Amino acid sequence: MSAVAEELASGGVRMALPLLLASSGELLSERAGVLNLSVEGMMLTGAFAGAVGAHQSGSAAVGVVTAVAAGLLFAALQALLSITLRADQIVTGITANALALGATTYGARLAFGDGAGAKSLPGLDPLALPLLSDLPILGPALFEQTLLGYLAFAVAIALAVGFSRRRTAGLAIDAVGEDALSADRSGLPVALIRYGTVLLTGVTAALAGAHLALSEVHAFSDNITGGIGYLAVVAVIAGRWRAWPTLLACLVFGLAQSLQFAAPALGLHISAPLLTTLPYVFALLAVSGLVGRSRAPSGLTTPFVRAS
């Protein structure tokens with residue numbers, strides 16, 4: 001049973017890592033008033049760019065750099081449409097995801113041939129931390145990660161602490177997301193803050209995609225993200241737009257996904273489709289107020305227009 005618990009914990013953390021990265025950036029963007037439904041597309045683009053970079057250079061590190069560059073370009077386009085041109089954020093996000101899916105599917109055929117899914121790429125191998133990895137159950141889950149895995153923990157914690165509501169930067173982000181006009185009158189650079197948070201989301205989402213391609217499977221396949229980007233947005237909602245509850249939601253979602261594979265060994269006869277829907281059920285409970293008060297930032301999805 002301990003071996004099953006260890007496998008469940010390891011699988012849950014492994015599946016939660018891309019969520020942790022993507023949602024840590026998306027949380028800041030939504031707190032600033034910009035909804036990026038395009039997180040899925042950012043992740044997919046990052047995974048594809050990382051795979052191409054690693055394949056062409058023979059280096060996983062180069063793949064990570066190309067993934068971040070692609071994520072920034074994608075996020076810059078999203079920011080241009082959502083912030084400068086004030087396009088509908090939901091429509092642009094869904095459209096960007098569809099474009100990313102089509103472009104990466106076609107690009108994979110060009111870069112890897114028809115056997116794109118089976119193409120082995122230079123990847124990142126797990127690095128076990130001495131002593132810590134020997135801890136029961138949680139040791140292998142937390143301390144046998146790749147460099148990107150450890151980076152995911154570090155980035156998520158750094159963003160949660162650095163932009164908390166007790167710090168000036170966090171308060172500025174919240175002010176812009178709650179009332180952009182008042183924030184502008186007080187001297188805050190509304191557009192700059194929103195651009196910054198969207199670009200940061202592009203970086204974290206691209207790293208999450210690179211983690212999938214270069215740390216998990218060492219390959220790229222069509223739609224490798226499989227909706228994880230949408231789940232990252234759901235995690236922000238389930239976490240009620242707060243850092244630590246969002247991180248906890250990611251871990252719960254990861255465990256729910258891991259349970260699909262561990263359920264038979266645990267003697268649980270639960271259908272896989274039911275387990276797949278659990279994260280979304282949690283999100284509905286969170287926004288319904290049944291598990292506590294929940295209120296989105298007042299200015300979420302509202303374009304900023306400076307008063308004359």
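Residues numbered from 1 in each chain as written. Predicted model: local features only at pLDDT ≥ 70, side-chain atom pairs only at ≥ 80, totals over all residues. Heavy atoms only, no water.

## Topic: the overall build of the protein chain
Scanning the protein chain for helices and strands turns up twelve helices and two strands. Moving toward the C terminus, one meets the helices and strands of the protein chain in the order α-α-α-α-β-α-β-α-α-α-α-α-α-α. Within the protein chain, the fraction of its 308 residues that count as buried is 48%. A fraction of 75% describes how many contacts in the protein chain between residues 6 or more apart in sequence connect residues 24 or more apart. Of the roughly 13800 Å² of accessible surface on the protein chain, a fraction of 68% belongs to carbon and sulfur atoms. (Helix = DSSP H or I, 4+ residues; strand = E, 2+ residues; numbered from the N terminus. Buried < 20%, exposed > 50% of the residue type's maximum accessible area, 1.4 Å probe, protein only. Contact = heavy atoms within 4.5 Å. Areas by Shrake-Rupley, 256 points an atom, 1.4 Å probe, with all protein chains shown as cover.)

## Section: the pattern of salt bridges
Counted according to the given criterion, the structure contains five salt bridges. In this structure, Arg 31 and Asp 174 form a salt bridge, with 2.8 Å as the shortest nitrogen-oxygen distance. Within this pair, whereas Arg 31 is found in helix α1 (residues 2-31), its partner Asp 174 is found in helix α7 (residues 168-178), the two being separated by 143 residues in sequence. Exposure remark for Arg 31: the relative accessible area of 4% places this residue in the buried category. With relative accessibility at 13%, the residue Asp 174 sits in the buried group. For the salt bridge of Arg 306 with Asp 184, the shortest nitrogen-to-oxygen distance reads 2.9 Å. Placement of Arg 306 in the segment after α12 (272-288) and of Asp 184 in helix α8 (residues 180-185) is noted, with a sequence separation of 122 residues between them. Shared partners join several salt bridges into a network, and the residues in it are Arg 31, Arg 165 and Asp 174. (Salt bridge = Lys/Arg side-chain N within 4 Å of Asp/Glu carboxyl O.)

## What to know about a nonpolar patch on the surface
Residues Ile 90, Ile 94, Tyr 230 and Tyr 280 make up a contiguous nonpolar surface patch of about 350 Å² in total accessible area. Examined against the element boundaries, Ile 94 turns out to sit in helix α4 (residues 89-112). (Patch = residues over 30% accessible without salt bridge, like charges linked within 9 Å, V, L, I, M, F, W, Y side chains within 5 Å.)

## Side note on the packing of aromatic side chains
Summed over the entire model, instances satisfying the criterion amount to one aromatic pair. Arranged with centres 5.5 Å apart and planes meeting at 65 degrees, the rings of Phe 48 and Phe 220 form a pair that is edge-to-face. Highlighted residues: Phe 48 in helix α2 (residues 39-57) and Phe 220 in the loop between α9 (190-216) and α10 (228-238), separated in sequence by 172 residues. Looking at Phe 48, the relative accessible area reads 17%, which means it is buried. Looking at Phe 220, the relative accessible area reads 1%, which means it is buried. (Phe/Tyr/Trp six-rings, centres within 6.5 Å; stacked < 30°, edge-to-face > 60°.)

## Re the packing of α2 against helix α3 (residues 60-84)
As a packed pair, α2 and α3 sit with axes 7 Å apart at the nearest point and diverge in direction by 145 degrees. Our pair here, α2 against α3, has a crossing hand that is right-handed. Across from Gly 41, Met 42, Thr 45, Gly 46, Ala 49, Gly 50, Gly 53, Ala 54 and Ser 57 in α2, the residues of α3 making contact are Ala 60, Val 62, Gly 63, Thr 66, Ala 67, Ala 70, Phe 74, Ala 75 and Gln 78. In terms of residue class, the contact of α2 with α3 is built from nine nonpolar, nine polar and no charged. (Axes fitted to C-alpha atoms, helices over the stretch in contact; angles between N-to-C directions. Left-handed = near helix turned anticlockwise from the far one by under 90°. Nonpolar A, V, L, I, M, F, W, Y, C, P; charged D, E, K, R; others polar.)

## Comments concerning the side chain of Ser 38
Tracing the backbone shows Ser 38 in the loop between α1 and α2. A relative accessible area of 0% means that Ser 38 is categorised as buried. A distance of 2.9 Å separates polar atoms of two side chains, one belonging to Ser 38 and the other to Gln 78. Not counting chain neighbours up to four residues away, the residues in contact with Ser 38 comprise Phe 74, Gln 78, Gly 93, Ala 96 and Asn 97. (Polar contact = N/O pair within 3.5 Å; in protein donor to acceptor, adjacent residues only side chain to side chain.)

## Here we look at unusual backbone geometry
If you check the backbone angles, Asn 223 has positive phi at about 50 degrees while not being a glycine. Here Asn 223 lies in the loop between α9 and α10. We classify Asn 223 as partly exposed; its relative accessible area is 36%. In the Ramachandran plot, Thr 301 falls in the positive-phi region, its phi being about 70 degrees despite a non-glycine side chain. Mapping Thr 301 onto the fold places it in the segment after α12.

## Looking at α4
Helix length check: α4 (24 residues) gives 33 Å between terminal C-alpha atoms against 34 Å at 1.5 Å per residue, within 8%. Turning to α4, its buried residues are Gln 89, Thr 92, Gly 93, Ala 96, Asn 97, Ala 100, Thr 104, Gly 107, Ala 108 and Phe 112. On the buried face of α4, the contacting elements are α2, α3 and α10. For α4, the N-terminal capping position is held by Asp 88, with its side-chain oxygen 3.0 Å away from the main-chain nitrogen of Ile 90. Positioned one or two residues after α4, Gly 113 has a phi angle of 85 degrees, which is positive. (Expected span 1.5 Å × (residues − 1).)

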